[in-house]
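Structural characterization, general
Listed below are the residues making up each chain.
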Amino acid sequence: MSLAEVERTLRNHTASHIAQDAGWGDVNMPADPCGWCGGFECSVKINKGKAEVTCVKFTNLPGFSIKQASKKTERYPSTNHPVQCTACKSVLWSYS
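As a starting point, this report considers the structure included with it.

Criteria and thresholds
Residues numbered from 1 in each chain as written. Predicted model: local features only at pLDDT ≥ 70, side-chain atom pairs only at ≥ 80, totals over all residues. Heavy atoms only, no water. Helix = DSSP H or I, 4+ residues; strand = E, 2+ residues; numbered from the N terminus. Buried < 20%, exposed > 50% of the residue type's maximum accessible area, 1.4 Å probe, protein only. Contact = heavy atoms within 4.5 Å. Areas by Shrake-Rupley, 256 points an atom, 1.4 Å probe, with all protein chains shown as cover. Pairing = 2+ DSSP bridges. Phe/Tyr/Trp six-rings, centres within 6.5 Å; stacked < 30°, edge-to-face > 60°. Lys NZ or Arg CZ within 6 Å of the ring centre and 35° of its normal. Salt bridge = Lys/Arg side-chain N within 4 Å of Asp/Glu carboxyl O.

1. Quick notes on the overall build of the protein
Helix and strand counts for the protein come out as 2 helices and 5 strands. The helix and strand sequence of the protein, counted from the amino end, reads α-β-β-β-α-β-β. Here the protein holds 96 residues, and 38% of them are scored as buried. Long-range pairs, those at least 24 residues apart, make up 41% of the contacts in the protein between residues at least 6 apart in sequence. Of the accessible surface of the protein, which amounts to about 6,000 Å², a share of 53% is contributed by carbon and sulfur atoms.

2. Structural notes on the pairing of strand 4 (residues 81-84)
As judged from the 4 bridges shared by strand 4 and strand 5 (residues 91-94), these two strands associate in the antiparallel manner. Bridge pairing in strand 5 links Val83 to Leu92. With antiparallel pairing between neighbouring strands as the criterion, strand 4 and strand 5 make up a hairpin whose turn holds 6 residues, including Lys89 at a positive phi of roughly 70°.

3. Here's the deal with the packing of aromatic side chains
The full count for this structure, using the stated rule, is 1 aromatic pair. Ring geometry for Phe64 and Trp93: centres 6.3 Å apart, planes at 35°, overall tilted. Placement of the pair is Phe64 in strand 3 (residues 64-65) and Trp93 in strand 5, with a sequence separation of 29 residues. Residue placement shows Arg11 over the ring face of Phe64; its charged tip is 3.9 Å from the ring centre.

4. What about the pattern of salt bridges?
Between side chains of opposite charge, pairing is possible as soon as their charged atoms come close. For the coordinates displayed, the defined rule picks out 2 salt bridges. A salt bridge links Arg75 to Glu5, with the nearest nitrogen and oxygen atoms 3.7 Å apart. Of this pair, Arg75 sits in the loop between helix 2 (66-69) and strand 4 while Glu5 sits in helix 1 (residues 3-19), and the two are 70 residues apart along the sequence. Among the salt bridges present, the one from Arg11 reaches Glu7, with a minimum N-O distance of 2.3 Å. Placement of the pair is Arg11 and Glu7 together in helix 1, with a separation of 4 residues, close to one helical turn.

5. Re the side chain of Asn80
Tracing the chain through its elements places Asn80 in the loop between helix 2 and strand 4. The class of Asn80 is buried, set by a relative accessible area of 0%. Discounting chain neighbours no more than four positions away, the residues touching Asn80 are Arg11, Ala15, Gly35, Ala69, Trp93, Ser94 and Tyr95.

6. Focus: unusual backbone geometry
The phi angle at Lys48 is positive, at roughly 55°, despite the residue not being glycine. Structurally, the position occupied by Lys48 is in the loop between strand 1 (43-47) and strand 2 (50-54). Unusually for a residue other than glycine, Lys89 sits at a positive phi of about 70°. With respect to the helices and strands, Lys89 occurs in the loop between strand 4 and strand 5. Taking relative accessible area as the criterion, Lys89 reaches 53% and is therefore assigned exposed.

What is shown is where atoms sit, not what they do.
The following block contains the structure:
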């Protein structure tokens, strides 16, 4: 499996935890969780239509196209991706 496939699979898996507000065992879900690990110490920015994630747990995964991540497929039903707030310009994750 390529790193891009690992990245997309990880976002889909994490989105299922977030959508269910399930957390991980005895760890509660943070208010604005990372789309890769579900933690709260990570950051994301958008640069020319590409997400650049700095994740403390998954450090070697590639950035990804926001446009591509926004498309639901049979294999990847989640459209978990970062969006930029038009009011304050901060970048947050959008989950489905």
